[in-house]
Amino acid sequence: MSAIILVVLALAATLGIVTTYYHISSPMISTNVKNNEPEITMINSETDPENVDVLNILLAGYGWYWSIPPGQKNNAQIVAEALNGTVIEGAKVYAIVMPVTWYGALQPVVKAIDEIDPEIVLGIGTSPRSPGLRWEKYGCNYMTSYHDSAFPVPVSVEHLRPIDPNGPELQEVSFPVEIAAAADLEAGIPAKVGSYYVKDDRKISTAGTYLCNYFTYTIPRYVELKGLDILAGFVHIPQRSLYAAMDYAQGRVEDLYPNMPIETIIEGVKIGLKEVIRRVYGPANFRFSDLTITPSEPVLGKPVKISVTVTNLSPGNFARVAVVKLLVFNEVKAVKEVTLKPGESKTVTFEIIPDSPATYLINVGGLIKTFTPKMPEKIPAEELLSG
């Protein structure tokens, strides 16, 4: 037992979390590096309103690096920002953006794990020549010897050194990558499971030996040694079509390399996560009931309250987040989120002001009601004059 504790402390020292503290108080943070010091700045201050054991997802996407067109963002950051604050199969998504540098990349991840208490931790990085999503199965215990990967430096196998001198050569992730890749393929999105190859008697992961592999090896190993019940993994995403077209048009490459629309990349990550949640924790299941409209006879130009009861029937012991949408004339007019423990019911209320004498079609969670607002009563002239 003492040996395991020492290994955890050694890995923690490698991450810099023994002597460095990074406070995370929002779902999305952006990490910029100035003078080799990670600087955390807020992007989205929305937080979970209830202190319950909610099914949470932590996404960690890498930020800008040298091959990204000036003024643009890393695809990984774009995906993280796009999914931040969303709900996938009843699980709340939180995201951080990591700097592309050996120093400071993973400290925010470790602090986010501690503060958010996620069930899933997924790192995201760009593999510019990949034709599809690659859900990495292994991280290898090798890293390039130079300090900072924000700028290109020639690297050969001889320059490799271990991430953890006492660690295994390969670290398998706990995230079920086969499920995610299969779900993407079923949806028609190119995807595969990563592996490893042997070069000069070394087992090298398809995650590489750069920072993407650093995450793939270090975070799952940290989770394992700490005994945390977390599905930790990493996905490599292809270059977005816009950047590939820019590289080709500006002569940076001779041939247009494999690429994918950013919308498809985002959807691929979302689909993979959704299927993993469904298979591991069970599908989200919410029951909507008791749709009521108050007052019973709405008046034109006056507030109308629309209420519905939402019950969490999802399997398992985790609270889930229900996304409740109010549709008026089949158009989404308002959206609210409600966190529900297993079996718990809550009432969600919306308010609208009818501005037309037409018959209003109301739809919440598949429950439908209609109402036709009455014209307001005429106010006698003497009352207007006396007012």
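Predicted model only: the values in this text are computed from it and were never measured.

S.K.: Mind showing me how you'd approach the overall build of the chain here?
M.R.: Looking only at helices and strands, the chain has 8 helices and 22 strands in total. The proportion of buried residues among the 387 residues of the chain is 51%. For the chain, contacts bridging at least 24 residues in sequence account for 72% of all contacts bridging at least 6. As displayed, the chain has an accessible area near 18,400 Å², and 53% of this comes from carbon and sulfur atoms.

S.K.: Can you help me understand helix 7 (residues 262-280) in this one?
M.R.: Since the α-helix turns once every 3.6 residues, residues separated by three or four places project in the same direction. Compared with the 27 Å implied by 1.5 Å per residue over 19 residues, the 27 Å span of helix 7 between its first and last C-alpha is a close match. Within helix 7, the full set of buried residues consists of Ile262, Ile265, Ile266, Gly268, Val269, Ile271, Gly272, Leu273, Val276 and Ile277. Downstream of helix 7 by one or two residues, Gly282 has phi in the positive range, about 100°.

S.K.: What am I meant to see in the packing of helix 3 (residues 107-116) against helix 5 (residues 211-226) here?
M.R.: Any two packed helices are characterised by the angle at which their axes cross and by the distance between the axes. Interaxial distance between helix 3 and helix 5 falls to 11 Å at its minimum, and their mutual angle equals 30°. As far as their axial angle goes, helix 5 and helix 3 are roughly parallel. Relative to helix 5, helix 3 is oriented so that their crossing is right-handed. Across the interface between the two elements, Val109, Val110 and Ile113 of helix 3 pack against Phe215, Ile219 and Tyr222 of helix 5. Class assignment for the residues of the contact of helix 3 with helix 5 results in 6 nonpolar, no polar and no charged.

S.K.: Teacher, can you tell me more about the sheet that holds strand 22 (residues 367-371) here?
M.R.: The strands making up a sheet are joined through hydrogen bonds of the backbone, oriented either antiparallel or parallel. Reading across from one edge, 19-18-21-22 is the order of the 4 strands in this open sheet, with antiparallel pairing throughout. Whereas interior strands pair on both sides, the edge strands pair on one side only; in this sheet they are strand 19 (331-340) and strand 22. Pairs of neighbouring strands in the sheet enclose a mean axial angle of 20°, with direction left out of account. As paired strands, strand 21 (residues 360-364) and strand 22 are joined by 5 bridges and run antiparallel to one another. Its bridge partner lying in strand 22, Val364 is registered against Leu367.

S.K.: How do you make sense of the packing of aromatic side chains when you look at a structure like this?
M.R.: Any pair of aromatic rings gets described here by the distance separating the centres and the angle formed by the planes. For the structure on display, the rule yields 7 aromatic pairs. Relative to Phe371, the ring of Tyr360 lies with its centre 5.1 Å away and its plane at 5°, an arrangement referred to as stacked. With a gap of 11 residues between them, Tyr360 in strand 21 and Phe371 in strand 22 connect regions that are remote in the sequence. Assigned by exposure class, Tyr360 and Phe371 land together as buried. Each residue in the set Phe329, Tyr360 and Phe371 is aromatic and connected to the rest through ring pairs, giving one cluster. Positioned over the ring face of Phe350 is Lys336, at 5.4 Å from the centre of the ring.

S.K.: Looking at this structure, how should I read the pairing of strand 19?
M.R.: Looking down a regular strand, the side chains alternate between one sheet face and the other. Relative to strand 19, strand 18 (residues 320-328) runs antiparallel, the two sharing 9 bridges. Bridge pairing in strand 19 places Val324 opposite Lys336. Here strand 18 hands over to strand 19 after 2 residues, with Phe329 in that stretch at a positive phi of 55°.

Here is what the cut-offs are and how they apply
- Residues numbered from 1 in each chain as written.
- Predicted model: local features only at pLDDT ≥ 70, side-chain atom pairs only at ≥ 80, totals over all residues.
- Heavy atoms only, no water.
- Helix = DSSP H or I, 4+ residues; strand = E, 2+ residues; numbered from the N terminus.
- Buried < 20%, exposed > 50% of the residue type's maximum accessible area, 1.4 Å probe, protein only.
- Contact = heavy atoms within 4.5 Å.
- Areas by Shrake-Rupley, 256 points an atom, 1.4 Å probe, with all protein chains shown as cover.
- Expected span 1.5 Å × (residues − 1).
- Axes fitted to C-alpha atoms, helices over the stretch in contact; angles between N-to-C directions.
- Parallel < 35°, antiparallel > 145°, perpendicular 65-115°, else oblique.
- Left-handed = near helix turned anticlockwise from the far one by under 90°.
- Nonpolar A, V, L, I, M, F, W, Y, C, P; charged D, E, K, R; others polar.
- Pairing = 2+ DSSP bridges.
- Phe/Tyr/Trp six-rings, centres within 6.5 Å; stacked < 30°, edge-to-face > 60°.
- Lys NZ or Arg CZ within 6 Å of the ring centre and 35° of its normal.

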